[in-house]
Amino acid sequence: MSKKIRLGVLISGRGSNLQSIIDASKNGMIDAEIAIVISDKKDAYGLVRAKDNNITTLIINPKEYKSREDFDKKVVEELNKCNVDLLLLAGFMRIVTSALIEPFRNRIMNIHPALLPSFPGLDAQKQALEHGVRFSGCTVHFVEEGMDEGPIIIQAVIPVTDNDTIDSLSERILKYEHKIYLIAVQLFTEGRLKVEGRRVKVNKDGMKHTVYKDITGDTVLINV
Ligand code: GAR
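Everything quoted here is computed from the prediction, not taken from an experiment. (Residues numbered from 1 in each chain as written. Predicted model: local features only at pLDDT ≥ 70, side-chain atom pairs only at ≥ 80, totals over all residues. Heavy atoms only, no water.)

Visitor: Explain the site of the ligand to me, please; I cannot follow it from the model alone.
Guide: Near the ligand, the surroundings consist of Arg14, Gly15, Ser16, Asn17, Gly91, Met93, Ile111, His112, Pro113, Gly121, Asp148 and Glu177. Between the ligand and arginine 14 there is a distance of 2.5 Å, counted from an oxygen atom to a side-chain nitrogen or oxygen. Within the side chain of serine 16, a nitrogen or oxygen atom sits 2.6 Å from an oxygen atom of the ligand. The protein chains hide 90% of the 450 Å² of surface that the ligand would expose on its own. Those elements giving two or more residues to the shell around the ligand turn out to be helix H1 (16-27) and strand E5 (108-112). (Near = heavy atom within 4 Å. Polar contact = N/O pair within 3.5 Å; in protein donor to acceptor, adjacent residues only side chain to side chain. Areas by Shrake-Rupley, 256 points an atom, 1.4 Å probe, with all protein chains shown as cover. Helix = DSSP H or I, 4+ residues; strand = E, 2+ residues; numbered from the N terminus.)

Below, the structure written as structure tokens:
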């Protein structure tokens, strides 16, 4: 029986990935509970989602800190107060520094709406469409210094059609973001992830948890 790990979630906006994590922690899809949601934007809709579910929230205003490092140190202080085991960036639109990454090395994940290392940064779906790729998708990775950088845990591949717009592609990718983030969290919870250099080795022995069914049970390729 795996223990419930404590999650910290950093957001900047809508919070649909946060919502999927909230739902999954409540219905047992993942063996984890959200200890705190922190936003760098006071009007992030994700804060409403967290409050509606009685989850502790905190707004940390970047303008009140002299540097990115000082902001990140404050985030770490708050996460430590809540005994956070695993930190999730879920639409957190800030570059994070070593001040945040080091204390959470290999315990901090990010989700990005592209097949990294293609199209990091803002507007990944627009970048992919403009580049004319035939496949895009989404990636969950451990966070290292750099924009959307770090060892890849899981990716879902989504075909791009001739009729796709930024909105239609974003919507299709988002559906799989919500699936693969849960899988990555559960893999961590069960101690199945081992970082070796740039590669993440996944121990797939006896994977029975329901959250894993999408790995094989879907026409869109999800690979861990
Ligand atoms: C998601 O598509 C996420 O992958 C992306 O921001 C969106 C947040 O949506 N993150 C990045 O682009 C990180 N570089 P959400 O607030 O509804 O979860």
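Anyway, onward from the coordinates.
Visitor: So what exactly am I meant to see when it comes to the pattern of salt bridges here?
Guide: Side chains carrying opposite charge are able to pair once their charged atoms draw close together. All chains considered together, the criterion is met by 14 salt bridges. When the shortest N-O distance is used, the salt bridge between aspartate 40 and lysine 41 registers 3.8 Å. Taking the shortest distance from any N to any O, the salt bridge between lysine 66 and aspartate 70 comes out at 4.0 Å. Among the charged side chains, a network of salt bridges with common partners joins Lys74, Glu78 and Lys81. (Salt bridge = Lys/Arg side-chain N within 4 Å of Asp/Glu carboxyl O.)

Visitor: Hey, could you run me through the packing of aromatic side chains in this one?
Guide: What describes a pair of aromatic rings is the distance from one ring centre to the other and the angle between the planes of the rings. By the definition in use, this model includes one aromatic pair. Taking 6.0 Å as the distance between ring centres and 85° as the angle between the ring planes, the aromatic pair formed by tyrosine 65 and phenylalanine 71 counts as edge-to-face. For tyrosine 65, a relative accessible area of 23% gives the class partly exposed. A relative accessible area of 1% means that phenylalanine 71 is categorised as buried. Residue placement shows arginine 94 over the ring face of phenylalanine 71; its charged tip is 4.1 Å from the ring centre. (Phe/Tyr/Trp six-rings, centres within 6.5 Å; stacked < 30°, edge-to-face > 60°. Buried < 20%, exposed > 50% of the residue type's maximum accessible area, 1.4 Å probe, protein only. Lys NZ or Arg CZ within 6 Å of the ring centre and 35° of its normal.)

Visitor: When you look at the environment of aspartate 40 in this model, what are you seeing that I'm missing?
Guide: Within the secondary structure, aspartate 40 sits in the loop between strand E2 (32-39) and helix H2 (45-52). Overall, the relative accessible area of 7% leaves aspartate 40 in the buried class. For the pair aspartate 40 and isoleucine 60, spaced 20 residues apart in sequence, the C-alpha to C-alpha distance is 5.1 Å. Aspartate 40 has contacts with Ile11, Ser12, Ile60, Pro62, Phe71, Phe92 and Arg94, leaving out every residue within four places of it along the chain. Among the polar contacts made by the side chain of aspartate 40, one reaches the side chain of serine 12 at a distance of 2.8 Å. (Contact = heavy atoms within 4.5 Å.)

Visitor: Sorry, what's going on with the nonpolar core here?
Guide: Nonpolar side chains in soluble globular proteins tend to end up buried together. Leu7, Ile34, Leu88, Met109, Val140, Ile153 and Leu193 are the most contacted members of the largest nonpolar core, which has 45 residues in total. For this core, the element with the most residues is helix H6 (residues 166-189), which contributes 11 residues. Dropping the residues within four chain positions of it, valine 140 is found in contact with Met109, Asn110, Ile111, Ile152, Ile153, Ile154, Ile180, Tyr181 and Ala184. (Core = buried A, V, L, I, M, F, W, Y, C linked by side-chain atoms within 4.5 Å.)

Visitor: When you look at the side chain of aspartate 148 in this model, what are you seeing that I'm missing?
Guide: Tracing the chain through its elements places aspartate 148 in the loop between strand E6 (135-142) and strand E7 (152-159). It turns out aspartate 148 is buried and unbridged, and the closest side chain with the opposite charge, arginine 198, is 11 Å from it. A polar atom in the side chain of aspartate 148 sits 2.7 Å from the backbone nitrogen of glycine 121. Non-local contacts of aspartate 148, meaning those with residues more than four positions away in its chain, are made with Asn110, His112, Leu116, Pro120, Gly121 and His141. (Lys, Arg positive; Asp, Glu negative; His and termini not counted.)

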